[in-house]
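Next come the chains, spelled out residue by residue.
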Amino acid sequence: MSGAHDRRLAASLGLFACVGWACGDDNPGGWAANTFQASDDDAGSSDDASMEAPLVALELDQDELVLDIGSLRSVAAFAVDDDGVRTPVTTLVEWSTSDDTVLSVGEGGTVFGWAMGEVEVTASLGELEVSLPVRVRGWSPLERLLESDAQEQATVVDARGGHAVLVHATEDGRTLHMYAPEHGWSGGVPFPSDFAYQGLSVTMSSDRRVLLLWVADDGSGLWTRTFAAEGGFSPPVELGCPGACSPADVFVRDVAVDARAERAVVLLSHNGVDGEPLGLYVMRWSAADGWSPMVPVDTAETRAHRTRSCVSLDEQGRALVLYREHARFTSLHTVTGDAAGAWSEPTLIYEAPEDFSDDPLFIGVPRCSVGPQGTGVLAWNLEAIAHGWAHLFLHDVVDGQLSGASVSIDAEPVLVTPPTVATDDAGSSFVGRMHYDGELVFELFRHEPGKAVAPPSRERWIDAPVLRATEGGTMWLFASGSDSEVLEHEARWFARRFDPDSGWQPRVIFPGVRLAGPRLAAARDGTLVLSFEHDRAIEASVHR
């Protein structure tokens, strides 16, 4: 920015700019109070006649900002004259925050989150002022929700829009807890006495209803009901079942929810006991229309019987099912569903090579991960039973359809665990696994469809990793680990966030060595809920 332009900008604000040492020896910086000096960082606007117009407003480069505790972000400021010309003034304005215990702001518009809360950042230049609402997200303290002496425990969690739900079941009964930002966790709501089930699935919809799906203990089939904070439990609704419907016959294999939580696809398998029709079935749910009828997608005995499977769903309502045939675990098939509910015929996408004489090969548990736009990856291991080694295979999904061929990312067989997979908003996928190569190492691959898989990042002393994707390309790794091999016996559960702009952030450690049975749910809007079983109690934390 030229000196002439500096003076015109200063004059339009009623300020006086000192040049060089003209302001006196007691001000060695050369600038008196209520003055400013343009810097090279604010260069870039042309020095023409339009710059002589008076300034009428300040603007920022964003309308709102959300960041996590420990994160840095930058905010840019612009002065606008009455001709509409915007001039960068980020280093010239005075920055302030309404609560510096929650968020601090530097002279160059750099903000740093210190604690959970909502604040305003204000930029001032002369009489002009503009404010930016900022929300700092973080993990709430672990809160003990209930205690139980029951031996059998099961916890299901989900999150959406800053809210969360936790359902906990023991032989003593079942309770539901809701989390709301303004109230925290509710007291436990006991389930109705007629609620006897196996394989409960829990989903929170966009309107914050809790959608419950289960197979009844009495063999009457698949049922659903909802729970809302305002109205409690709705009456149960029977959804039907192909043939016999006891918990030994029907299994809910997977549930996929779209990024807006307005649609869901449920994947079920039927065992075909006593001559009943076996197969792989799907049901759709939408916030607008409710449940659709159950549809068979594969009823071939060798493929669909007790199959390992997964399902994904994008924002357009396109679904993709990946499943392993049951007879010998040596082939993978897919079916796809369009937004209207039509399903394709089964397609073979991978078949294992012929078995070695002393080492039969089989396909491990398949994983599905597709982002909101229908792009992502399918992943599985080809494993050798006798020797314990495996190859990791990936298959790209683009716009809701399979793309290319299945590709192994291992040149040589390795000792690994089944993969964990998550996909961000842009369709880039993270694939993690535990790899034993003289020591246990966590490997994390980042993969974009159509591109070669980049070498993995590697980190020691991590166990039980889980990946979850949230908004803006943010990825969360949740695992157990320690800082060194010496302290491995004192491993702590931790969460670690990957930011597309700044990479992996420091670990957030959860206290308590004996935390067990972790459950983690994540919504695309950035809400996460984490629960632990700890000394026969359930504790939970929400990130929002």
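Residues numbered from 1 in each chain as written. Predicted model: local features only at pLDDT ≥ 70, side-chain atom pairs only at ≥ 80, totals over all residues. Heavy atoms only, no water.

1. Topic: the confidence of the model for the protein
- Summing up the model confidence of the protein, the mean pLDDT is 78 and the portion of residues at 70 or higher is 78%.
- Ranking the elements of the protein by mean pLDDT puts helix H1 (residues 3-12) last, at 41, and strand S6 (residues 94-97) first, at 95.
- Counted against residues more than four places away or in other chains, residues 1-51, with its pLDDT under 50, gives 71 contacts.
- The model gives residues 484-489 a pLDDT under 50, and that stretch makes 6 contacts with residues more than four places away or in other chains. (pLDDT = per-residue confidence, 0-100. Helix = DSSP H or I, 4+ residues; strand = E, 2+ residues; numbered from the N terminus. Contact = heavy atoms within 4.5 Å.)

2. Some details on the pattern of salt bridges
- A full pass over the atoms with the stated rule returns 16 salt bridges.
- Arg497 is paired through a salt bridge with Asp68; the nearest N and O atoms lie 2.9 Å apart. Highlighted residues: Arg497 in strand S43 (residues 492-499) and Asp68 in strand S2 (residues 65-68), separated in sequence by 429 residues.
- Taking relative accessible area as the criterion, Arg497 reaches 4% and is therefore assigned buried.
- Judged by its relative accessible area of 4%, Asp68 is buried.
- The closest approach of N and O atoms between Glu459 and Arg496, which form a salt bridge, is 3.0 Å. Here Arg496 lies in strand S43 and Glu459 lies in strand S40 (residues 457-460), a separation of 37 residues in the sequence. (Salt bridge = Lys/Arg side-chain N within 4 Å of Asp/Glu carboxyl O. Buried < 20%, exposed > 50% of the residue type's maximum accessible area, 1.4 Å probe, protein only.)

3. Some details on the environment of Val421
- Assignment of secondary structure puts Val421 in strand S37 (residues 420-423).
- Among the residues examined, Val421 registers a relative accessible area of 13% and is labelled buried.
- A C-alpha to C-alpha distance of 6.2 Å links Val421 and Ser369, two positions 52 residues apart in sequence.
- What Val421 contacts, discounting residues up to four positions off in sequence, is Arg367, Ser369, Val377, Ala379, Phe430, Val431 and Leu467.

4. Brief notes about the environment of Ile69
- Of note, Ile69 is situated in the loop between S2 and strand S3 (72-74).
- Taking C-alpha positions, Ile69 is 6.1 Å from Val136, a pair spaced 67 residues apart along the chain.
- Beyond its immediate chain neighbours, meaning those up to four positions away, Ile69 contacts Gly113, Trp114, Ala115, Met116, Val136, Arg137 and Gly138.

5. A short note on the sheet that holds strand S30 (residues 347-351)
- Pairing in this open sheet of 4 strands is antiparallel, and the strands run S27-S28-S29-S30 from one edge to the other. In the strand order of this sheet, the two ends are held by strand S27 (309-313) and S30, each with one partner. Ignoring which end each strand starts from, the neighbouring axes of this sheet average 20° apart.
- One ladder, built from 5 bridges, connects S27 with strand S28 (residues 319-324); its direction is antiparallel. Following the sheet pairing, Val311 is matched in S28 by Val321. (Pairing = 2+ DSSP bridges. Axes fitted to C-alpha atoms, helices over the stretch in contact; angles between N-to-C directions.)

6. Quick notes on the nonpolar core
- Leu58, Leu60, Val89, Val93, Trp95, Leu103 and Val134 are the most contacted members of the largest nonpolar core, which totals 24 residues.
- Sorting the residues of this core by element identifies strand S1 (55-60), S2, strand S4 (77-81), strand S9 (117-125) and strand S10 (128-137) as the ones contributing at least two each.
- Residues contacting Leu103, with those up to four places away along its chain left out, are Leu67, Thr97, Val111, Phe112, Gly113, Trp114, Val119, Val121, Val134 and Val136.
- One finds Leu332, Ala352, Cys368 and Trp380 within the second-largest nonpolar core, a separate group that totals 18 residues. (Core = buried A, V, L, I, M, F, W, Y, C linked by side-chain atoms within 4.5 Å.)

7. Examining the pairing of strand S24 (residues 279-286)
- Counting buried residues along S24, 8 of its 8 residues qualify, which places the element largely inside the surrounding structure.
- Taking every second residue as pointing to the same face, both faces of S24 are buried, with Gly279, Tyr281, Met283 and Trp285 on one and Leu280, Val282, Arg284 and Ser286 on the other.
- Both S24 and strand S26 (residues 295-298) contribute to a ladder of 3 bridges, which runs antiparallel. From the neighbouring strand, Tyr281 faces S26, where its bridge partner is Pro296.
- Of the strand pairs in this sheet, S24 and strand S25 (residues 290-291) are connected by 2 bridges, and their pairing is antiparallel. Across the sheet, residue Ser286 finds its bridge partner in S25, namely Gly290.
- Hairpin connection, S24 to S25: the antiparallel pair is bridged by 3 residues.

8. Side note on the side chain of Ser531
- Inspection of the secondary structure puts Ser531 in strand S47 (residues 528-534).
- Leave out the neighbours within four places in its chain, and Ser531 touches Thr155, Val157, Leu166, Gly517, Pro518, Arg519, Glu539 and Ala540.

9. Details of the state of the cysteines
- Applying the stated rule across the entire model yields 1 disulfide.
- A sulfur-sulfur separation of 1.9 Å characterises the disulfide bridge that pairs Cys310 with Cys368. In this structure, the disulfide formed by Cys310 and Cys368 twists by about 70° around the S-S bond and is classed as right-handed. On the criterion of sequence distance, the pair formed by Cys310 in strand S27 and Cys368 in strand S32 (residues 367-370) is long-range, its members being 58 residues apart. (Disulfide = S-S within 2.5 Å.)

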